[in-house]
Amino acid sequence: MTILDETYTLSNGVAIPKLGLGTWFIDDDKAAEAVRAAVEIGYRNIDTAQAYGNERGVGEGVRTAAVARDELFVSTKLAAEIKDYEQAVASIDGSLHTLGLEYIDLMLIHSPQPWDDFRGGDYAEGNRAAWRALEEAHQAGRIRSIGVSNFQQQDLESLLQGATTVPHVNQLLVHAGNTPSELLDYCEAKRILVEAYSPIAHGAILKNAEVRAMAEKYGVSVPQLCIRYTLQLETVSLPKTANPEHMRSNAEVDFEISGDDMDALRSLRDVDYGEHSAFPVYSGK
């Protein structure tokens, strides 16, 4: 049994694999091949989004993979700009159609604010409207679980005021150097499972001497250490890659980080995301 066989159970009883494949920056015409390669290696959790522009390719990969559809866990996300009910309903239909799937395992609101106003204005009402559309699709069985992404505690509290379903998942930027401990504790208390995207800090962490020395001590690569760290935080880890070799090594995390080293990684601060600071989530907002 490897990490690829291990799952968490969401608050609604749905099982979700602990390690997934992130597909951000994988072109639509390369996505199907990447998904098939990942499934071949043993991945069962595939994460995409409307904003990634590769739902079509991801869906093709899922439909043509070497295992049955019900063995795969497929996630996508409502575009961050969608903050009303009608648009959300149409957009859920759009994702199902583009993916070419009868159901989606998990669908998230990609961000509490549109990307061009990230951490800006108040979109509480729009989020509640979009959430209502997700709740209805969930009740109809078209989406097996629903959640949010990039939501801070105040965003979650605001959403919960009008919700009948507590989000099953909150997908967040979590990695050594960016561990939002209070938010992780809050989500745990609400039984909201956290998924960690960019567990390797978009590659920025590879240069950190302290992290490199720790990886050496365990006889693993920096990405393996970073993925293991997010798993020991009890989050779903979603490293993204189209490279089958990286997919393989990302899943070779059968080691245990000691309590002291976990504390050291948890207290790391300040990661320079370099060119990626242009993206809202890495901009320090």
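Structure first, text after, so check above.
This structure is a prediction, so every number in the text was calculated from the model and none was measured.

Engineer: Would you mind going over the nonpolar core with me for this structure?
Structural biologist: Considering soluble globular proteins, one finds that nonpolar side chains tend to be buried as a cluster. Judged by nonpolar contacts, the single largest core of 97 residues is most densely connected at Leu78, Ile92, Leu134, Ile205, Leu225 and Leu265. Beyond its immediate sequence surroundings of up to four residues, isoleucine 92 is in contact with Leu78, Met107, Ala133, Leu134, Ala137, Arg142 and Ile143.

Engineer: How do you make sense of the layout of surface pockets when you look at a structure like this?
Structural biologist: One way to see where empty space is left: roll a probe the size of a water molecule over the atoms. The computed volume of the largest pocket comes to approximately 390 Å³. Looking at the largest pocket, it is lined by 19 residues, and the ones nearest its centre are Glu188, Ile192, Leu193, Leu233 and Glu234. Mapped by element, the contributors of at least two residues to the lining of the largest pocket are β1 (7-9), α6 (181-189) and β9 (193-197). Broken down by element, the lining of the largest pocket gets its largest block of residues, 5 residues, from α6. Across the lining of the largest pocket, the residue classes break down as 8 nonpolar, 6 polar and 5 charged.

Engineer: Is there a simple way to explain the pattern of salt bridges in this structure?
Structural biologist: Pairing between side chains of opposite charge can happen when the charged atoms of each approach one another. Applying the stated criterion across every chain yields a total of 14 salt bridges. The residue lysine 30 makes a salt bridge to aspartate 29 at a minimum N-O spacing of 3.9 Å. A salt bridge links glutamate 256 to arginine 228; the shortest N-O distance between them is 3.3 Å. With glutamate 256 in the loop between α9 (244-250) and α10 (259-266) and arginine 228 in helix α8 (residues 222-232), this pair connects stretches of sequence that are 28 residues apart. Classification of glutamate 256 as exposed rests on a relative accessible area of 56%. Judged by relative accessible area, which is 14%, arginine 228 ranks as buried. In this structure, a network of salt bridges that share partners links the residues Asp28, Arg36, Arg56 and Glu60.

Engineer: Whenever I open this one, the pairing of β9 confuses me. Can you help?
Structural biologist: Counting buried positions along β9 gives 5 out of 5 residues, so the element sits mostly inside the fold. Burial along β9 is two-sided: the residues Leu193, Glu195 and Tyr197 and Val194 and Ala196 are all buried. Relative to β9, strand β8 (residues 169-173) runs parallel, the two being bridged by 5 bridges. Bridge pairing in β9 links asparagine 170 to valine 194. When β9 meets strand β10 (residues 236-238), the two strands line up parallel, connected through 3 bridges. Note that in β10 the partner of alanine 196 across the bridge is serine 237.

Engineer: For this particular structure, what's the right way to read the packing of helix α7 (residues 209-218) against α10?
Structural biologist: Packed helices, taken two at a time, are described by the angle between their axes plus the distance between the axes. Put simply, α7 and α10 touch, their axes get as near as 11 Å, and they point 160 degrees apart. Between α7 and α10, the angle falls in the class roughly antiparallel. Helix-helix and strand crossings are classified by hand; for α7 and α10 the assignment is left-handed. Across the interface between the two elements, Val211, Met214, Lys217 and Tyr218 of α7 pack against Asp261, Ala264 and Leu265 of α10.

Engineer: Honestly, the side chain of threonine 230 in this entry has me stumped. Any pointers?
Structural biologist: When you line up the elements, threonine 230 lands in helix α8. Among the residues examined, threonine 230 registers a relative accessible area of 0% and is labelled buried. Setting aside residues up to four positions removed in sequence, threonine 230 forms contacts with Val174, His175, Ala196, Pro199, Thr235 and Ser237.

Engineer: Whenever I open this one, the side chain of histidine 110 confuses me. Can you help?
Structural biologist: Here histidine 110 lies in the loop between β6 (106-109) and α4 (124-139). Among the residues examined, histidine 110 registers a relative accessible area of 7% and is labelled buried. Sequence-distant contacts of histidine 110, defined by excluding residues within four places in its chain, comprise Ala49, Ala51, Tyr52, Lys77, Leu78, Ala79, Ala80, Trp115, Ser149 and Asn150.

Engineer: Teacher, can you tell me more about the packing of α7 against α8 here?
Structural biologist: At a closest axis distance of 9 Å, the pairing of α7 and α8 adopts a crossing angle of 90 degrees. As judged from the angle between their axes, α7 and α8 are roughly perpendicular. Contacts from Val211, Arg212, Met214, Ala215 and Tyr218 in α7 reach Val222, Leu225 and Cys226 in α8. For the contact of α7 with α8, the class distribution of residues is 7 nonpolar, no polar and 1 charged.

Engineer: Looking at this model, I keep getting lost on the pairing of β8. Mind explaining?
Structural biologist: Along any regular strand the residues' side chains alternate between the sheet's two faces. Burial of β8 is extensive: 5 of the 5 residues sit out of reach of the surface. The alternating pattern of β8 places Val169, Gln171 and Leu173 on one face and Asn170 and Leu172 on the opposite face, and all of these are buried. One crossover worth recording links strand β7 (residues 146-149) to the parallel β8 by way of helix α5 (residues 153-160), and it is right-handed. Handedness of the crossover joining β8 and β9 through α6 is recorded here as right-handed.

Engineer: What's the story with unusual backbone geometry in this structure? I'm lost.
Structural biologist: For residues other than glycine, phi is negative in most cases, and the peptide bonds are mostly trans. The backbone of phenylalanine 25 sits at a positive phi, close to 75 degrees, despite the residue not being glycine. Following the sequence through the fold, phenylalanine 25 ends up in the loop between β3 (21-22) and α1 (28-41). The backbone phi angle of histidine 202 is positive, close to 60 degrees, even though this residue is not glycine. One can find histidine 202 in the loop between β9 and α7.

Scoring rules and cut-offs
Residues numbered from 1 in each chain as written. Predicted model: local features only at pLDDT ≥ 70, side-chain atom pairs only at ≥ 80, totals over all residues. Heavy atoms only, no water. Core = buried A, V, L, I, M, F, W, Y, C linked by side-chain atoms within 4.5 Å. Buried < 20%, exposed > 50% of the residue type's maximum accessible area, 1.4 Å probe, protein only. Contact = heavy atoms within 4.5 Å. 1 Å grid on protein atoms, 1.4 Å probe; cavity = no way out; pocket = protein on both sides within 12 Å on 5 of 7 lines; lining within 4 Å. Points joined across faces, edges and corners; volume = space filled by probe spheres on them. Helix = DSSP H or I, 4+ residues; strand = E, 2+ residues; numbered from the N terminus. Nonpolar A, V, L, I, M, F, W, Y, C, P; charged D, E, K, R; others polar. Salt bridge = Lys/Arg side-chain N within 4 Å of Asp/Glu carboxyl O. Pairing = 2+ DSSP bridges. Axes fitted to C-alpha atoms, helices over the stretch in contact; angles between N-to-C directions. Parallel < 35°, antiparallel > 145°, perpendicular 65-115°, else oblique. Left-handed = near helix turned anticlockwise from the far one by under 90°. Right-handed = clockwise from strand over helix to strand, strands pointing away.

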